[in-house]
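Single-letter residue listing:
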Amino acid sequence: MMKADKRFAVFMVLPALAVMLIMTVYPMASTIYYSFTDFRLLRRNISFTGLKNYASLLSNEYFLASVWNTVKFSLLAVTFEVVLGFLTALYVNSLKSLRLQKVLRTVILLPYLLPTVTAALSWRMMLSPNYGIVNQFLAPMGLPVHNWFRDIHTAFAMLVVIDVWQNMPFVFLMVYAALQSIPQEQYKAARIDGAGTIAQVWYITLPNLRTALMLCTLLRTIDTFRIFDKVNLLTGGGPAGSTTTITQYIYNSGIKSLKFGMGSACAIIMTGLVLVLSALYVRDIMNQRSI
Amino acid sequence: MSSVILKNIRKSYDNESFAIHDFSITIADREFIVLVGPSGCGKSTVLNMIAGLEDITDGELFIDGELMNDVEPQSRNIAMVFQSYALYPHMSVFGNMAFALKLQHTPKAEIDSRVREAAEILGLTKYLDRKPKELSGGQRQRVAIGRAIVRKPKVFLMDEPLSNLDAKLRTQMRSEILKLRRRINTTFIYVTHDQTEAMTLGDRIVVMKDGRIQQTGTPQEVYSRPTNIFTAGFIGTPQMNFLDAELEIRDGIYCLNAGGVITVLPQDKQNNLRSVNPQPVTAGVRPEHITLGDGGKFSGTVDISEHLGSTIHLHVSTLGTDMIIAVQTMNAQKGFASGEKISYSLDGRFIHIFSKETGKNLERYDYGTFGL
Amino acid sequence: MRKFVLSMLVVLLLVSSACAEVTSLTLALRAGTYSEVIKRCLPAFEAEHGVKAEVLELAEDDLHSKLALDAANSEGAYDLCMVDGSWMAEFSSNGVLADLGALGVELDDDIIPAATKISYYGGKLYLVPYYGNVTVLLYNKALVNGKPLNSLDDLLSVCRAAKESGKKGFIYRGDTENNLVVDFMPVLLSFGAWVLDGNNKPSVNTPEFREAVKFYLELIATGDAEAKDDLIATIDSGAGTMGVGWPGWYLPSESSNADYCAITGRVSNDGTAHNANVYGVWTIGIPANSTHKALAAELLKYLINPAVQKSTVEFGGVPCRYSSLTDPEVLAKFPQYKVVCAALEGGVYRPVIEEWTEFYTILGTELGNIFNGVKTVDKGLEDAQTALEQLMN
């Protein structure tokens, strides 16, 4: 009986396992394998080159610049997204009118519902130096019409702004949901204990939101690290490489030129970086759970 | 060490209807007062207004002679214990108890000694480093109480503090609260929906319904002289029995006609009822005040017999209604079977007479002798 | 119930056999006017041959990688594909394309000869020039105001004048390495310089190259970098004066705000003229792993038929054929085709080297650094030369 049960269980898990193997393990394994070869699409012969790809990447100033750009982007975007999302959630949650809360919730969520490509293209139109609405606002105020994505001083910041605009709602939603589950009596007790608004946020809200905030930070870090569509559509990595992220670098130097061996090495380095960064949060979240 | 005075307090959430109507009470220094009533009667709202967690729409609140309407909760010198304990989950037991003192920038040594003292009283000393999650319900409740007592408040507010505990623990904690009260000796305002807690803990009880005070008095008074049907039914278990009857005057003497059986009312009730006109009334008799016996003028049929150990509750069909009769086990010669015919009598001294129209007790105690 | 199932089966069989009878060709095309004009020609061919043609419209990079990926399969997904001249070396040396001669396709004299330079590899025909894309100078009529545009010096003075009057002068595309390189190429060619020397070795750190970059810096200082759509809009609206563009971008007319002309290839009015128009010709080939090569060859022959090609003109087609570009009827309606014809005759293909993608990525990166002031001209070109030499070794 037990044996039959066990066999049945294994049988039931098999399809999922097979899908996992085909969809995840196989591509992962081949990426790792290719990263040690000079594999180029269209060329039939592949030879093993050891760490050559890694060595040439790590000594390439443009790759290193793209790593730095990605880390910088991730840190800035995640910080703003989490802080703004948290503050917005706090504000909306504090509103007395439930109807207003509902309306705001929907409105704030809208950017998150847009496909990234749509969002990127709308921003490109809005910031266009010709017909862009932003510049049309600036012009009458006597401010110069600005070419946001082609100016080396503003392009990177614009990408951060757009990512924050689109993904802050995600943090907002998570935090808002978490806020609703904090027992009101904790606040009452804190008020009686003499906690003012700021002390309440610090001693009650923040500790109760810790898991939600860590989770947001983790997910947003992973996601921002992989940013591609916005960069590719809006700046193509320019001007002068100031917005080239790792993915854009992979695209330019690995995919477009069909150098998949090199591209794989890039991807492995990127995955490693994401793992290291997220490991910190994951460990923290796991610790939280165990308490 | 202070009195609490509520003067014509009203509360409205929408400026149209009132959740609390004209609530007035004077609570003496070191008095233990219990607000009791069914859920939604407004008792917690009153407590929250005293604590400063909710605004007072109208009326005045004095603590220790000072007007407190617009004073922040932390400056009212009160402490509060919540039904859900409301412990800070990320702080240790020590942290929870020290929180208020920490916010007041109390010196570290003093915080330490005060928390340890409270922990000692409550038997929490060995749990000081634990997080609330690691404690049992009873222990959490103690921490909540400990958090309140380290502040040495003038007024101690408790909002259904025992409702989340199981029955056995509740009885135990009840007596611990009494001990605590003797020890810290301050003013207590205690909210509960459980009349047993009210009767056992309170110096005085305030019975509330629909945002209004129904009756204020000692447990004894509320039990024996309920001012209306609601209080009569709410206080005491099992609930008081109510029957339709006629108040009649025969030969200048007040009598109760229930189902054709005439009961002459005793002398003190004759006084108390003075100048009341004969009328249809609701008569109330507590189950424990009915005497079973062959000589009884009333008769009925036993539906169910519940043996509770010290007492037996008989559910009896009589006078067109269902009545509960509590029989002391030691007085019962035998068991009772369903369908068994019994007879019983009512003692005029223990009959409460309420107006059918208003539900108010028709007796006026102000000129009368003390009832039982 | 059983009857129902049976009848459904019969229906299914009928439908599937009907489907099987119609051969279906899959075309991988560059999205835009390029695929539009081909789609307009298809119904007639489909009707005549009883086939169905599926068209996949792809962006340039997408098309490149899709073709390359599919080349690895023994049975290809595509039967006809558009190929950018710069992929020729990579594709032909790896056997991606079928020998068109063996399939009965040949080039005739009507096709502009310069455009066929990349069609052959090892003496075999692989690609047929189809859409005559070649760089032209797109300019705003009002801002140029009839001033001559005969040399780079002329362009610079017009652009400077525009800048002084508060408008933008020269606009270039700054969004990808490819665009940075291509927009710069006409100036580079005018200076008699090129990215490779006679031995196909990188030559981006030569005096002529440096001169060209320095001149270009002066030119782009009068305007700014924009994306393609913005570039066109800026010039059309009169906010900017000129930029390097392609005939497919803009349809000039008597009343239009902008027009285009060929780039003369002269630096100064008394200097020598070089071939300075860069080809972006879209050619058509047949993947070697196509499963319908014969039919695809029929379609190709049909598409490059002079009459068929001429019919695409009114929808924005730019054939590489004299018969279309010098046709009096066509010129009466679209006088700018004279300019296109001239530009095509003096057109230059981007280098036919296997490493071209990496080549332009490296060069574009360094040019971007120079244009944005991150590196000096000397430093940028030096770095580019070093990296390119490493690449080509």
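Residues numbered from 1 in each chain as written. Chains lettered and ligands numbered in written order. Predicted model: local features only at pLDDT ≥ 70, side-chain atom pairs only at ≥ 80, totals over all residues. Heavy atoms only, no water.

Participant: Could you clarify how one ought to interpret the overall build of chain C in this entry?
Facilitator: Counting its regular elements, chain C contains 16 helices and 14 strands. The C-alpha atoms of chain C give 23 Å as radius of gyration, which agrees with the globular expectation for 393 residues (21 Å, within 12%). The principal-axis extent of the C-alpha atoms belonging to chain C is close to 85 × 50 × 50 Å. Scored against the burial criterion, the 393 residues of chain C give a buried share of 58%. In chain C, 76% of the contacts between residues at least 6 apart in sequence involve partners at least 24 apart. For chain C, the exposed surface amounts to about 15900 Å²; the carbon and sulfur share of it is 53%. Treating the 30 positive side-chain charges of chain C as one cloud and the 50 negative ones as another, the clouds have centres 4 Å apart. (Helix = DSSP H or I, 4+ residues; strand = E, 2+ residues; numbered from the N terminus. Rg over C-alpha atoms; globule rule 2.2 N^0.38 Å. Buried < 20%, exposed > 50% of the residue type's maximum accessible area, 1.4 Å probe, protein only. Contact = heavy atoms within 4.5 Å. Areas by Shrake-Rupley, 256 points an atom, 1.4 Å probe, with all protein chains shown as cover. Lys, Arg positive; Asp, Glu negative; His and termini not counted. Charge placed at Lys NZ, Arg CZ, Asp CG, Glu CD.)

Participant: It is not clear to me how the sheet that holds strand S8 (residues 187-192) of chain B should be interpreted in this structure. Could you clarify?
Facilitator: Residues and elements named next belong to chain B. If you trace the six strands from one edge of the open sheet to the other, you get S6-S7-S8-S3-S9-S10, paired in mixed fashion. In this open sheet, the two edge strands, each paired with only one partner strand, are strand S6 (78-81) and strand S10 (212-217). The sheet shows a mean angle of 15° between the axes of neighbouring strands, direction not considered. Across four bridges, the pairing between strand S3 (residues 32-36) and strand S9 (residues 204-209) is parallel. Paired with Ile33 across the two strands is Arg204, which belongs to S9. The sheet strands contacting helix H5 (residues 167-184) are S3, strand S7 (155-159) and S8, and the helix crosses S8 at an angle near 160°. (Pairing = 2+ DSSP bridges. Axes fitted to C-alpha atoms, helices over the stretch in contact; angles between N-to-C directions.)

Participant: I would appreciate a short explanation of the interface of chain C and chain A in the present structure.
Facilitator: Contacts between chain C and chain A engage 35 residues on the former and 26 residues on the latter. Across the interface of chain C and chain A, roughly 2600 Å² is buried in total on both sides, 48% from carbon and sulfur atoms. In terms of surface lost to chain A, no three residues of chain C exceed C:Asp230, C:Glu358 and C:Asn372, which account for 18% of the buried area on that side. Between A:Arg40 and C:Glu358 there is a salt bridge, and its shortest N-O distance comes to 3.1 Å. Taken together, chain C and chain A are joined by nine residue pairs in polar contact (both at pLDDT 80 or more). Among the elements of the structure, helix H3 (60-71), helix H4 (88-93), strand S9 (225-226), helix H9 (228-237) and helix H15 (356-371) of chain C are those that each provide at least two residues to the side of chain C that touches chain A. For the side of chain C that touches chain A, the element with the highest residue contribution is H15(C), accounting for eight residues. The residue makeup of the side of chain C that touches chain A, split by class, is ten nonpolar, twelve polar and 13 charged. (Buried area = accessible area lost by both parts, 1.4 Å probe. Salt bridge = Lys/Arg side-chain N within 4 Å of Asp/Glu carboxyl O. Polar contact = N/O pair within 3.5 Å; in protein donor to acceptor, adjacent residues only side chain to side chain. Nonpolar A, V, L, I, M, F, W, Y, C, P; charged D, E, K, R; others polar.)

Participant: Honestly, the confidence of the model for chain C in this entry has me stumped. Any pointers?
Facilitator: Predicted coordinates in regions of low pLDDT should not be interpreted in detail. Residue-level pLDDT values for chain C average 87, and 94% of them are 70 or greater. If you check the scores for this complex, the pTM reads 0.78 and the ipTM reads 0.79. (pLDDT = per-residue confidence, 0-100.)

Participant: Teacher, can you tell me more about the interface of chain A and chain B here?
Facilitator: The figure often quoted for interface size is the accessible area lost as the parts come together. The interface is formed by 16 residues belonging to chain A together with 26 residues belonging to chain B. In terms of surface lost to chain B, no three residues of chain A exceed A:Ile192, A:Asp193 and A:Tyr203, which account for 38% of the buried area on that side. Counting across the chain A and chain B interface gives zero salt bridges. In this assembly, chain A and chain B are joined by seven residue pairs in polar contact (both at pLDDT 80 or more).

Participant: So what exactly am I meant to see when it comes to the pairing of strand S19 (residues 341-346) of chain B here?
Facilitator: All names here are of chain B. Across three bridges, strand S15 (residues 290-292) lies against S19 in antiparallel orientation. Residue pairing in the sheet places Ile290 in a bridge with Leu346 of S19. In the sheet, strand S16 (residues 298-307) pairs with S19 via four bridges, with the strands oriented antiparallel. Among the inter-strand pairings, Thr301 is bridged to a residue of S19, identified as Lys341.

Participant: Would you mind showing me how to read the side chain of C:Ser268 here?
Facilitator: With respect to the helices and strands, C:Ser268 occurs in the loop between strand S11 (258-261) and strand S12 (277-278). Not counting the four nearest positions on each side in its chain, C:Ser268 is found in contact with C:Ser151 and C:Asp153.

Participant: Help me understand the packing of helix H2 (residues 93-103) of chain B against helix H3 (residues 108-122) of chain B, please; the structure alone is not making it clear to me.
Facilitator: Each pair of packed helices can be summarised by the angle the axes make with each other and by the distance between the axes. All names here are of chain B. The interhelical angle for the contact between H2 and H3, taken along N-to-C directions, is 135°, at an axis separation of 10 Å. Between H2 and H3, the interaxial angle falls into the category oblique. Considering only the axes of H2 and H3, their crossing is right-handed. Judged by residue contacts, Phe94, Met97, Ala98, Leu101 and Lys102 of H2 engage Ile111, Asp112, Arg114, Val115, Ala118 and Ala119 from H3. Along the lines of polarity and charge, the residues of the contact of H2 with H3 split into eight nonpolar, no polar and three charged. (Parallel < 35°, antiparallel > 145°, perpendicular 65-115°, else oblique. Left-handed = near helix turned anticlockwise from the far one by under 90°.)

Participant: How should I be thinking about the pairing of S10(B) in this particular structure?
Facilitator: Two faces belong to every sheet, and in a regular strand the side chains alternate between them. Alignment of S9(B) against S10(B), held across five bridges, turns out to be antiparallel. From the neighbouring strand, B:Val207 faces S10(B), where its bridge partner is B:Gln215.

Participant: Mind showing me how you'd approach the side chain of B:Arg181 here?
Facilitator: Residue and element names in this part refer to chain B. You can see Arg181 is positioned in helix H5. A distance of 2.6 Å separates a polar atom in the side chain of Arg181 from a polar atom in the side chain of Asp203. With residues near it in sequence (within four places) discarded, Arg181 still touches Arg30, Glu31, Phe32, Phe188 and Asp203.

Participant: How should the packing of aromatic side chains be read in this particular structure?
Facilitator: A ring pair, where both rings are aromatic, is described by two values, the distance of the centres and the angle of the planes. As enumerated under the stated definition, the model contains 37 aromatic pairs over all chains in all. Look at B:Phe156 and B:Phe188: their rings are 4.8 Å apart centre to centre, the planes differ by 10°, and that puts the pair in the stacked class. Note that B:Phe156 is positioned in strand S7 and B:Phe188 in strand S8, a separation of 32 residues in sequence. With 5.3 Å between their ring centres and 25° between their planes, C:Trp356 and C:Phe359 make a pair best called stacked. On the criterion of helical spacing, the pair formed by C:Trp356 and C:Phe359 is a turn pair, its members being three residues apart in helix H15. Comparing C:Trp356 with C:Phe359 shows no difference in burial state: the two are buried. The rings of C:Phe170, C:Tyr172, C:Phe184, C:Phe209, C:Tyr216 and C:Phe371 are connected pair by pair, giving a single aromatic cluster. The ring of B:Tyr223 carries the charged tip of B:Arg286 above its face, separated from the ring centre by 4.2 Å. Across from the ring centre of C:Phe315, 4.1 Å away, lies the NZ or CZ of C:Arg40, which sits over that ring. (Phe/Tyr/Trp six-rings, centres within 6.5 Å; stacked < 30°, edge-to-face > 60°. Lys NZ or Arg CZ within 6 Å of the ring centre and 35° of its normal.)

Participant: Explain helix H6 (residues 152-164) of chain C here, please?
Facilitator: Structurally, the α-helix is built with 3.6 residues per turn, so residues lying three or four positions apart point the same way. Residue and element names in this part refer to chain C. For H6, built from 13 residues, the straight-helix expectation of 18 Å at 1.5 Å per residue is met to within 8% by its first-to-last C-alpha distance of 18 Å. Inspection of H6 places Leu152, Asp154, Leu155, Leu156, Val158, Cys159 and Ala162 among the buried residues, and these make up the whole buried set. On its buried face, H6 is in contact with strand S7 (136-140), helix H5 (141-144), strand S8 (168-173), helix H7 (177-190), helix H8 (207-220) and strand S10 (240-245). Following H6 by one or two positions, Gly166 adopts a phi angle in the positive range, close to 90°. (Expected span 1.5 Å × (residues − 1).)

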